[in-house]
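# Fold and contact review
These are the residues of each chain, in order.
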Amino acid sequence: DEIQEIKNNNSSKPSLKVIEDPEEAIRTAIYLVQSAEDEVLLLFSSANGFYRRMVLGDSFLTLQRLQDKTKGNIKLRILTPFDKKIIDAASRLMAKGVHIKYLPEALYLTVTFLIVDRKFSMTAELVNDYTEIPAESLGISTFSNSKSTVLYYISMFENLWKQSDLYEKTENLYEQFKKTNEIQIQFIQETVHEIRNPITSILG
């Protein structure tokens, strides 16, 4: 109700709400995503968290429905640490127009956060990363529509997004260099072989 009031401009007062019940926190997060009009930014502190929500939970369908509802006009960006078990789910999301970047290394954070339309932020404390039940993995969550709080999380997200982008470009450059180096070594070896053959005949 509070989110709907804020969206209808009936309440402009910044608020911070602490949500102790994990089930309520999950419902609030799903509602926030479903009500998004322009953009959804989502950062997972672990690959297991991504797997729990996108594969074991219903977030994949939630994002798919959101894409269908907005006819693909909404910007969806996800940051997550990498793990082989999330490749399939990530590929399916990317095929649906969701932008996903893998963080170069595991985050030493125990918080997952969600930003919707650059107006709302929600954080969830990670207390158990090894359970398959989403509610069991969460501790205390917070919801905020305070501009300064939301901007703080946007800034953190954008910085990490740029870092992962730079890491990806560096990896690509390294692979290109490696390939070029291998071609050069092969060329030198072949040249030496071609030179050696006539010299051996002449000496003979």
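Quick summary incoming for the structure in this document. Per chain, the residues get numbers from 1 upward, laid out in the order the sequence is written. Where totals are concerned, whole chains, interfaces and linings use all residues; where local detail is concerned, this predicted model gives features only for residues with pLDDT of at least 70, and gives and counts side-chain atom pairs only at 80 or more. For the side-chain quantities, the full set of heavy atoms in the structure was used; hydrogens and water were omitted.

This part is about the environment of E168. Every helix listed is a DSSP run of H or I at least four residues long, and every strand listed is a run of E at least two residues long, numbered separately from the N terminus. Position of E168 relative to the elements: it lies in helix 7 (residues 147-203). When its relative accessible area of 40% is taken as the criterion, E168 is described as partly exposed. Sequence separation between E168 and K101 is 67 residues, and the spatial gap between their C-alpha atoms is 8.9 Å. Note on classification: 1.4 Å probe, protein chains only; a residue is buried when its accessible area is under 20% of the maximum for its type, exposed when over 50%, partly exposed between these limits.

Before going further, it helps to examine the nonpolar core. Generally speaking, soluble globular proteins have nonpolar side chains that are buried together. Side-chain atoms within 4.5 Å link the members of a nonpolar core, which is a set of buried Ala, Val, Leu, Ile, Met, Phe, Trp, Tyr and Cys residues. In this structure, F50, M54, I78, L93 and L114 are the most contacted members of the largest nonpolar core, which totals 28 residues. Where this core is concerned, the elements lending two or more residues are helix 2 (22-34), strand 2 (39-43), helix 3 (47-56), helix 4 (59-69), strand 3 (75-81), helix 5 (87-95), strand 5 (111-116) and strand 6 (120-126). Should any heavy atoms of two residues lie within 4.5 Å, those residues are considered in contact. The residues touching L93, leaving out its near neighbours within four places in the chain, are F50, M54, F60, L63, I78, V98 and I100. Membership of the second largest hydrophobic core comes to 12 residues, among which are L41, L103, Y153 and L160.

Now for helix 5. Note on helix geometry: an α-helix contains 3.6 residues per turn, so any two residues three or four positions apart are oriented the same way. Of all the residues in helix 5, the buried ones are A89, A90 and L93. Around the axis of helix 5, the buried residues are gathered within 100° of arc, so they sit on the same side. What points out from helix 5, more than 90 degrees from its buried face, is the exposed set D88 and A95. Those residues of helix 5 that are buried are in contact with helix 3, helix 4, strand 3 and strand 4 (99-103). Looking at the residues trailing helix 5, positive phi occurs at G97, about 95°. Of all possible arcs, the one meant is that of the directions from the helix axis to the C-beta atoms.

With that settled, the discussion passes to the pattern of salt bridges. For side chains bearing opposite charge, pairing can occur when the charged atoms are close. The salt bridge definition used is simple: a Lys or Arg side-chain nitrogen within 4 Å of an Asp or Glu carboxyl oxygen. Here the structure, examined in full by the defined rule, presents 8 salt bridges. Of the charged contacts in the structure, one is a salt bridge between D165 and K101, with a shortest N-O distance of 3.1 Å. Taken together, the residues span a long stretch of sequence, with D165 in helix 7 and K101 in strand 4 at a distance of 64 residues. You can call D165 partly exposed: its relative accessible area is 26%. The residue R118 makes a salt bridge to E158 at a minimum N-O spacing of 2.8 Å.

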